[in-house]
Structure formats: C-alpha cells, structure tokens
Amino acid sequence: MDLIVAGLLLGGLYVTVSIGVSLIFGVMRVINFAHGEFIMLAMYAVYWAHEVAGWDPYLTGLAVVPLAFVVCATVLRPFILWLVRSSVLVQVFATLGLSIALQNVALVLWKGNYRSIRTGYSSTLVDLFGVQVPLTRLVAFVVDTLLVVGLHLFLQRTLFGKAIRATAQNRRTARLMGIDVDRVDVLVFGLGIATAALAGVLLMPIYSVSPGVGFQNALIAFVVVVLGGLGSLPGAVLGGLLIGFVEVMSGYFISPSMKQIVYFAVFILVLVVRPAGLLGQRGSEELGMK
Amino acid sequence: MTPPRAKLVSWGLQAALIAAPLVVGLASNDTFLHDSLTQVLLFAILALSWNILGGFARQVSVGHVAFFGIGAYTSTLLALNFGLSPWIGMFVGGLIAAIAGALLGIVTFRLRGKFFTMATLAFAEVMRILAVDLRGLTKGSEGITIDSTPNLSMFVLGNLRSYVVVGFALMLALYVLSVLLARSKIGLKLLAYREEEEAARALGVRTIRLRLLVMVLSAFCTALGGTFYAQYLLFIDPDSVLGIELSLQMALLSVVGGVGTAIGPILGTYLVVPFGQLLRAHLGSELAGLHLVIYGLGLILVLYKMPNGVWPALEGFLERVSFSGRKPDRGHPGAEKRA
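Residues numbered from 1 in each chain as written. Chains lettered and ligands numbered in written order. Predicted model: local features only at pLDDT ≥ 70, side-chain atom pairs only at ≥ 80, totals over all residues.

Participant: Mind showing me how you'd approach the overall build of chain A here?
Facilitator: What chain A contains, in helices and strands, is 13 helices and 2 strands. Relative to the compact-globule value of 19 Å for 290 residues, chain A shows a C-alpha radius of gyration of 19 Å, a close match. Expressed along its principal axes, the backbone C-alpha trace of chain A runs to roughly 55 × 45 × 35 Å. By sequence separation, contacts in chain A at least 24 residues apart represent 77% of the contacts at least 6 residues apart. (Helix = DSSP H or I, 4+ residues; strand = E, 2+ residues; numbered from the N terminus. Rg over C-alpha atoms; globule rule 2.2 N^0.38 Å. Contact = placed C-beta atoms within 7 Å.)

Participant: Help me out: how do you make sense of the overall build of chain B in this one?
Facilitator: Helices and strands together make up the secondary structure of chain B, namely 16 helices and 2 strands. Its C-alpha atoms give chain B a radius of gyration of 21 Å, near enough to 20 Å, the size a compact globule of 339 residues would have. Here chain B, with 339 residues, has 45% of them falling under the buried criterion. Restricting to contacts in chain B with at least 6 residues of sequence separation, those with at least 24 account for 76%. (Buried ≥ 20, exposed ≤ 12 C-beta atoms within 10 Å, placed from the backbone.)

Participant: Would you mind showing me how to read the interface of chain B and chain A here?
Facilitator: Put simply, an interface is often sized by how much accessible area is lost when its parts join up. Counting from both sides, the interface comprises 37 residues of chain B and, opposite them, 39 residues of chain A. For the side of chain B that touches chain A, the secondary structure elements donating two or more residues are helix H5 (113–133), helix H12 (244–257) and helix H14 (290–305) of chain B. Per-element tally for the side of chain B that touches chain A: the top contributor is H5(B), with 13 residues.

Participant: How should the nonpolar core be read in this particular structure?
Facilitator: Across soluble globular proteins, nonpolar side chains have a tendency to be buried as a group. Ranked by internal contacts, the top residues of the largest apolar core, which has 185 residues, are A:Ala42, A:Met43, A:Phe93, A:Ala197, A:Val223 and B:Ile45. Those residues within four positions of A:Val223 in sequence are excluded, and the remaining contacts are A:Ile243, A:Tyr263, A:Phe264, A:Phe267 and B:Ala122. (Core = buried A, V, L, I, M, F, W, Y, C linked by C-beta atoms within 7 Å.)

Participant: Help me out: how do you make sense of the pairing of strand S1 (residues 125–128) of chain A in this one?
Facilitator: For a regular strand, side-chain orientation follows a simple rule: the groups alternate between the two sheet faces. Residues and elements named next belong to chain A. Bridge count for S1 against strand S2 (residues 131–134) is 4 bridges, and the pairing is antiparallel. Within the sheet, the bridge partner assigned to Leu125 lies in S2 and is Pro134. In this antiparallel pair of consecutive strands, S1 and S2, the connection spans 2 residues, and Phe129 shows a positive phi of 45°. (Pairing = 2+ DSSP bridges.)

Participant: Can you help me understand the environment of A:Leu242 in this one?
Facilitator: Residues and elements named next belong to chain A. Relative to the helices and strands, Leu242 is located in helix H11 (residues 233–253). Classification of Leu242 by C-beta neighbours within 10 Å gives buried; the count is 21. C-alpha separation for the pair Leu242 and Gly228, spaced 14 residues apart in sequence, amounts to 9.0 Å.

Participant: What is the right way to look at the confidence of the model for chain A in this model?
Facilitator: Caution applies to low-pLDDT parts of the model: their predicted coordinates are not meant to be read in detail. The pLDDT averaged across chain A works out to 82; a share of 94% of its residues lies at or above 70. The low-confidence segment residues 283–290 of chain A (pLDDT under 50) makes 17 contacts with residues lying over four places distant or belonging to another chain. (pLDDT = per-residue confidence, 0-100.)

Participant: Quick question: what am I supposed to make of the packing of helix H1 (residues 2–28) of chain A against H11(A) here?
Facilitator: Think of two packed helices as two axes; the pair is described by the angle between the axes and how far apart they sit. All names here are of chain A. Contact geometry of H1 with H11 gives a least axis separation of 7 Å together with a crossing angle of 140°. Looking at the two axes, H1 sits oblique to H11. At the point where H1 passes H11, the crossing takes the right-handed sense. (Axes fitted to C-alpha atoms, helices over the stretch in contact; angles between N-to-C directions. Parallel < 35°, antiparallel > 145°, perpendicular 65-115°, else oblique. Left-handed = near helix turned anticlockwise from the far one by under 90°.)

Participant: Would you mind showing me how to read the packing of helix H10 (residues 213–228) of chain A against H5(B) here?
Facilitator: Packing of H10(A) against H5(B) leaves a shortest axis separation of 11 Å and a crossing angle of 125°. Taken together, H10(A) and H5(B) sit at an angle that is classed as oblique. Like other packed secondary-structure pairs, H10(A) and H5(B) cross with a definite hand, here left-handed. Here H10(A) contributes A:Leu219, A:Phe222, A:Val223 and A:Val226 to the contact with H5(B), which in turn contributes B:Met118, B:Leu121, B:Ala122 and B:Glu125.

Participant: Any chance you could explain the environment of B:Val60 here in plain terms?
Facilitator: Tracing the backbone through its elements, the reader meets B:Val60 in the loop between helix H2 (31–56) and helix H3 (65–82). Residue classification places B:Val60 among the buried residues on the basis of 24 C-beta atoms within 10 Å. With near-sequence residues (within four places) excluded, B:Val60 lies in contact with A:Val88, A:Leu89, A:Val92, B:Gly54, B:Thr117 and B:Ala251.

Participant: Explain unusual backbone geometry here, please?
Facilitator: Across the chain, the bulk of peptide bonds are trans and the bulk of non-glycine residues have phi less than zero. All names here are of chain B. The backbone phi angle of Arg58 is positive, close to 55°, even though this residue is not glycine. The exposure class of Arg58 is partly exposed, given the 19 C-beta atoms found within 10 Å. Despite not being glycine, Leu234 has its phi angle at roughly 60°, a positive value. On the secondary structure map, Leu234 appears in the loop between helix H10 (207–233) and strand S2 (235–236).

What follows is the structure, given as structure tokens:
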C-alpha cells in the first residue's frame, strides 16, 4: 500500500512535468528541449520569493504560472512562430540553444549550489488510507489531478480547445477552416510552458533546485511522453504514472541505483514493441509525423 | 551546375581548411595552442562521424556519445586489464560500438524522425547509467586514470604536437571517407533516402538496410574518437565520456557547419569550438556560465540566419559571386528569355 501511494504521488508529479512536452509536440510537432529549463526557472522564482519576501511557495505559484504564459505569448512569440516553420534539425538545436542559454543564465545569476526552502509545513505528514504522506506531495498530487482534468475539459469542451485539436490533426485543413494557426501555436506553447512553471512550483517545496535540475526533469519528461505516445495527453498521464510506479517499485525491490536503468529499459521495450507509445496514434512514428 | 570557377575556389577552400590545423600545429611551439588544436581536431572527428548518420542519412541522433563512451572505455579497459595497446583497442572499441549501433538500429528500425531522436537519447542515458552502476568493470563515477608515462606503443604520446598529428590523420581519413561515401552509389541511395523515403523504397533502395549500414559506420568512427580522447586526456569517467552534452555538441557542430556535406562538420567545428574556448578563456573566470549563455544564443542566431549551415551558405555566395559580371550560361534553359 505504501508503495502504491508513493508511486501514485511520484507519478502525478511526472505527469505535470511531462504534460507540457506532450501538448507542445502534439500540436506543434516540436520537441522542446528547453522545457526543463522553464521548470527550473519557476523553481528559482519560488525560491527567491520565499527567501527574500517570505512568500508562500504556492501563493507565488499563482503569480508565476500566469507570468510564464504571458512571457511566452509576448516575448517568445517570434521565436515560437519561427520554430514551427523550421526543419527538424533547426527545431532540435534551437531549443537546445535556448536550454543551454537559460541553464547558464541561472548559473551566472545564482551559482551552481543546491538550494531548498523550508516552510512551516515542510515536514507535515498527512494520513491517507493509513499511509503517512508528506503534505507537500499530497498538494502536488491534487493540483496535478486538477491540471489534467482542467486541460482535458479545456481541449474537449471549449471552442478554442476544438481549434487546438483541429490544428493538431491537420494544420493546413485547420487553416482552411478559418483557424488562426499562429495564434494556436503561440497559445499552446504558452500553455505548455505554464504547465512547466506549475511543475516547478509544485517541485520546489519537495526537492532542491540547481541550474542543472531542468535537464534531469526534461529527460524524465521525454521518457514519459514517448512511453505514453508523443502528443497524446492520456498517454502522458499513463506514462507518468507508469514511470512513477516503476521507479518506486524497482527502487524498493531491486536497488535504488538501478531504478533509472529499469525505467529506461521499459522505455526501450515499449519502443520496440509499440513504437507509437502506449496510447499514441498508431503508425505516426513511421510517418515521422510530418 | 556549379560554375567551374566557384567549384575550384570551393575545393581550394576545403583543402585550406583541412590543412590549417596541421600547418599551425607544426609551425608553433605554443602548448596552449596545441591543446586547443587537439580539441578542435577531436571535435571535428566526432562531428564528421555524426554527420555520416545525421547528415547523409538525415537521421538525427542525440545519443552518439554512447558510441564515443564505448570506444573510450573499451580501449582503456583492454589496456588496463590485458595490456592490449590502445592502437589495437581503438578498433576493438570501434567494432563493439558498431555492434551496439547495429543493435540500436535493429531495435529502432521502425522509428522515424523525432521518434528516432528520442530513442537515441534514451540509449545514451542507459549507457551512462550503466557505466556509473557497473562499478566492478568501470570503477563507476570515480573514473579511470591511464598511466601517463609516454609510451608510443601504448598510445601515450607525451608531447602535444604528436596528438595534433594523430588527430589530423584521423580527421583527414574521415573527411576522405565522407567524400567517397557521398560520391558512391551508397551516397546516391542516401540522397534519395533522405529526400523522400517512400520514393526511394519504390525505386528499390533497401532503406532499412541502408540506414543500418550508415549507423554502423557512424558508430565505428565515433568510437575511434572516443579512444583518441581517452589517450589524450588520460582520464575517463561516465560524465565526461557519456554525458549527453557531448552528443549534442557533435550534432551541433555539423548543423552549424552544414549537415550532409563533407566539409561542413569541419567548418562548424572551427567556428564553434575555438569560439567556445575564447569565450571561456575571457569570461569563464569572472562569471562561470556566461560563455555558455552567449554560446546558446549564438547558436540560435546562426540557425536563424543560415538554417542549412554556414558551408552551404558560403557555397551559395561563391556561386553568386562568380555568376555576376558574366553572361548567363548559354545552356541554361530560359536564361535568355528572362534576359
């Protein structure tokens, strides 16, 4: 029972870390290598707001997440539009360039040491089905769930969500139907980055932050989304939970140092057996999703 | 058709570019210069190796560091445990990397485009984690130090100038290989494959086998670079020879220089690596990381201005220069009509 709860909580975190990658890929067909860096920046924002002004991490989150969205939709707009129109190579290396630059901006400004915050409730435990669970992880899980449900409703029930799905299906046809595809791209990218910021806010009370933390998270996110099926939101949820479970289980039953090996092994296995990912669109990997 | 004059200038430029590090290296006595030249040559070797798969077949791998690490570890461990000379170990490492490349190729044969890219990323991470965890074999993150007594038969050369020569020889060999590959029948098949896979298949090109072949070749060459690195620095650990950053660097150099050309990776290396070294030398001490900020932003700028890389842009420029001032070619259909 302990293991199931732990796996679920960790999996929930991974879902939030990954869902933005999946969303951006699904619509724009861009793998954003800089995704982790946005998580890292949000973590620093929360850290400094707490250290300097004494703000509560979650309250800061209310400001950081919309801010991330606005910054993307305004400052990064030309970058995003250029990215969508570029070749695969350029997309990979431009987002990598962004990743390197952001990572080192953090290094220049805040040095390489690990920083963490302590709040009044850092070590508070909550009883959940007879299992003691840290409050911060529980909060993260609840927010993760809300995020997934919210995104799902947004995509399925609103007109704009419909426009996003249409663009994901076929850009040209979507444009012919009168959808402003550029706007969809910018907003989707902004949304994706906002989920990254949210992940950062949720991670900060639990883990410590350093400039390199973004890339570690990005690696996990890539595994999760490929596992679940690139571009598929339910896939990202399933993949995240699965990786969370696999990590907890192998850490417990085999050895903590082997847990990464195990989930990469699962990852490669899935690629061999079902390259489109568990819930991915079948055959999409063979077309390269042009 | 490229006009002959432009072609001549282009070949001359390529020859000059290739010979430059050797000439500079032999003419100078500066150890700092030799050190940075060796690094440049090493990266040129890696970029050329990556380009065989990433450029000619347009299969973007971000996991090539796995082959590099296999090369470095194989020759080092063989020398350490069995006293086998790294000159031979180099090729054993190449073979093992080639086998690993073949396995990866077989496993991922259904994956295209970005899916393939992601799979290579995971492959490299698995190799790194294995190197960290298999302490009995690799000494884990502690790393392995190679005996630094100069010994030619054990590929410990002692003076830096010799490393420049060896690095140059490897780079030249890979360049020649790339040119030959591009001009061979396989090169034509690769061209067809990267432009339109379906069409290539329809014309009878066995694309899966073709990709496997290039992957094996590319892995083999990358592993040679791994041994060269290990014998140059005389120390290897999982983070330095299997870190994902190195994978990205190899690919990046080709992308900047021009993927799918033989000289592009070399040019890209000459532009990017010394630039990084200079930035680090001037900014590294004051603000750690600032040089990488500039580096990252510079990369985006180059890609924005020249999405095909610097070399194709340069060649296009040469062509335009040699056309201007001359009458349009007679054989050029429509040339007169337009004029």
